[in-house]
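Listed here are the chains, written in short residue letters.
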Amino acid sequence: MTQDTRPTALITGASRGLGSALAEQLAETHHIIAVGKTTGALEELDDRIQAKGGEASLAPMDITVEAAMQQLCRSVYDRWGKLDLWVHSAIFSPPLSPAPDMPEKDYDKAFLTNVKATQRLISYVAPLLGTTGRAVFFDDPRAGEAFFGAYGASKAAQIAMARSWQTETAKIGPMVKILTPRPMPTAVRARFFPGEDRAPLTDIREEAARLLPEILS
């Protein structure tokens, strides 16, 4: 399979964590379109992908910037005409706080990133996926847990929206999958649980390898 004929995979949140690990592994079979805010981390991902014979297009962008996402999806259409796979792993994790003391700016950013930006992306990416593509979201059920008000509420809203899309497209496509990764030693988890013993957590690359068959099946 040549690079030009490889299916396309858009990874939003590809600069680190599970998104980066999945991008690296998907690059064995897909052309990766890697979206993230950290240019250096994307370049490091590109180096790893190229070292394995894969190919990536880097998009150092913020998913909350509407014009940037419009430009990204237009560029995908102009170059490939479609998308085969969208993996959405971008997330904002606000600091934990009691509900009465939740900083408004953190709450607003959580909903802007985790809900509003996701809604926009669904509307922009759906036409590219058509009826045969697939979209993947990752659940992290924290709703109702102490101090997780902003993150738990925004993540629950994101997944509720994804589930509605999943139900709507069950018979007509695209396929929408919602997966729940095992606890991993990510930067997000470290912010939530500082000082946690990370030894029992699942290695990020191992978890990516476990999830990959579910993503592609």
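Residues numbered from 1 in each chain as written. Predicted model: local features only at pLDDT ≥ 70, side-chain atom pairs only at ≥ 80, totals over all residues. Heavy atoms only, no water.

Enquirer: Describe the pairing of strand β5 (residues 134-138), naming the residues involved and giving the relevant values.
Expert: Buried residues dominate β5, accounting for five of its five residues. Alternating residues of β5 divide into Arg-134, Val-136 and Phe-138 and Ala-135 and Phe-137, and every residue in both groups is buried. Where strand β4 (residues 85-88) meets β5, four bridges bridge the pair, whose relative direction is parallel. By the bridge assignment, Leu-85 is partnered in β5 with Arg-134. Between the parallel elements β4 and β5, the chain passes through helix α4 (residues 104-129) in a crossover that is right-handed. As defined by bridge partners, β5 adjoins strand β6 (residues 175-179) across five bridges and the pair is classed as parallel. Bridge pairing in β6 links Arg-134 to Met-175. On the question of chirality, the crossover connecting β5 to the parallel β6 by way of helix α5 (residues 149-168) is right-handed. (Buried < 20%, exposed > 50% of the residue type's maximum accessible area, 1.4 Å probe, protein only. Helix = DSSP H or I, 4+ residues; strand = E, 2+ residues; numbered from the N terminus. Pairing = 2+ DSSP bridges. Right-handed = clockwise from strand over helix to strand, strands pointing away.)

Enquirer: Quick rundown of α4? Include the residues and the values.
Expert: The terminal C-alpha atoms of α4 lie 35 Å apart, and with 26 residues this matches the ideal 38 Å at 1.5 Å per residue to within 8%. If you look at α4, its biggest bend is around 35 degrees, right at Leu-112. Backbone geometry just after α4 places Gly-130 at a positive phi near 60 degrees. (Expected span 1.5 Å × (residues − 1). Bend = angle between axes of the 7 residues up to and from the residue.)

Enquirer: How would you summarise the packing of helix α1 (residues 17-26) against helix α2 (residues 39-51) if you had to cite specific residues and measurements?
Expert: For the pair α1 and α2, the least separation of the axes is 9 Å and the interaxial angle reads 25 degrees. It follows from the interaxial angle that α1 and α2 lie roughly parallel. Of the two possible hands of crossing, α1 and α2 adopt the one that is right-handed. Between α1 and α2, the contacting residues are Ser-20, Ala-23 and Glu-24 on the first element and Leu-45, Arg-48 and Ile-49 on the second. Tallied by class, the residues present in the contact of α1 with α2 amount to three nonpolar, one polar and two charged. (Axes fitted to C-alpha atoms, helices over the stretch in contact; angles between N-to-C directions. Parallel < 35°, antiparallel > 145°, perpendicular 65-115°, else oblique. Left-handed = near helix turned anticlockwise from the far one by under 90°. Contact = heavy atoms within 4.5 Å. Nonpolar A, V, L, I, M, F, W, Y, C, P; charged D, E, K, R; others polar.)

Functional significance is not addressed by these values, which are geometric in nature.
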